[in-house]
Amino acid sequence: MSTVLVVDDSKTSRTMLRNILVANGYEVIGEAENGQEGYDKYCELEPDFVTLDITMPVMDGIETLVKIKEYDENAKVIMVTAAGQKGKMLDAIKLGAAEFVTKPFETDQIVSIIESII
């Protein structure tokens, strides 16, 4: 079973993602509500992949992605974004994000993306 860390400042988004992931056979080993906490938990837990929101307090998703990739160049990071953040998504892909999903979440899209990166 693949392990995942969910990083999002929205408790609702974290819960929705957790439910989708668990229902599809993934083990959510941690959650974080800002980028710094997400980075710290990544280093501590070393999950198989991470879902990482772009817009968050303390440290945004782009900064967090950079730090995670510096720590582990093989990290598999799926960026999560609201519609209308295409520029930031392109930046994230250039910086090493494996893939991205948009809110609102669609289960089939999330599962397909995870299967493509694992």
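So, a few notes on the structure that sits alongside this text. (Residues numbered from 1 in each chain as written. Predicted model: local features only at pLDDT ≥ 70, side-chain atom pairs only at ≥ 80, totals over all residues. Heavy atoms only, no water.)

Close contact between helix α2 (residues 35-45) and helix α3 (residues 61-71) brings their axes to 9 Å; oriented N to C, the two are set at 15°. In this view, α2 runs roughly parallel relative to α3, as classed from their interaxial angle. Considering the relative orientation of α2 and α3, their crossing is right-handed. Contact with α2, carried on its side by G35, Q36, Y39, Y42 and C43, involves T64, K67, I68 and Y71 of α3 and no other residues of that element. Residue composition of the contact of α2 with α3, by class: five nonpolar, three polar and one charged. (Axes fitted to C-alpha atoms, helices over the stretch in contact; angles between N-to-C directions. Helix = DSSP H or I, 4+ residues; strand = E, 2+ residues; numbered from the N terminus. Parallel < 35°, antiparallel > 145°, perpendicular 65-115°, else oblique. Left-handed = near helix turned anticlockwise from the far one by under 90°. Contact = heavy atoms within 4.5 Å. Nonpolar A, V, L, I, M, F, W, Y, C, P; charged D, E, K, R; others polar.)

To continue, consider the pairing of strand β4 (residues 77-81). Look at any regular strand and the pattern is simple: side chains alternate between the two faces of the sheet. Burial analysis of β4 places five of its five residues in the buried class, which makes it a mostly covered element. As defined by bridge partners, strand β3 (residues 49-53) adjoins β4 across four bridges and the pair is classed as parallel. Looking at β4, one finds that L52 is bridged to M79. At this point the chain moves from β3, through α3, to the parallel β4, and the crossover so formed is right-handed. (Buried < 20%, exposed > 50% of the residue type's maximum accessible area, 1.4 Å probe, protein only. Pairing = 2+ DSSP bridges. Right-handed = clockwise from strand over helix to strand, strands pointing away.)

Inspection of the secondary structure assignment puts R14 in helix α1 (residues 11-23). Ignoring anything within four residues of it in the chain, the contact list for R14 reads V6, D8, D9, E31, A32 and E33.

This part covers the nonpolar core. Of all hydrophobic cores here, the largest spans 19 residues; its most connected members are V7, L52, L65, V77 and M79. Those elements that provide at least two residues to this core are β1 (3-7), α2, β3, α3, β4 and α4 (86-94). Broken down by element, the residue count for this core peaks at three residues, all from α3. Residues contacting V77, with those up to four places away along its chain left out, are V50, L52, L65, I68, A97, A98 and E99. Counting residues in each nonpolar core, the second largest holds 16 residues, with L17, V28, I110 and I117 among its members. (Core = buried A, V, L, I, M, F, W, Y, C linked by side-chain atoms within 4.5 Å.)

Before going further, it helps to examine the sheet that holds strand β2 (residues 27-32). In spatial order, the strands read β2-β1-β3-β4-β5; together these five strands make up an open sheet with parallel pairing. With partners counted over all chains shown, the strands left at the sheet margins are β2 and β5 (99-102), one partner each. Neighbouring strand axes in the sheet, compared pairwise and without regard to direction, differ in orientation by 20° on average. Examined bridge by bridge, β1 and β3 share four bridges and lie parallel to one another. Note on β3: the bridge partner recorded for V4 is F49. Running at roughly 175° to β4, α3 makes contact with β3 and β4 of the sheet.

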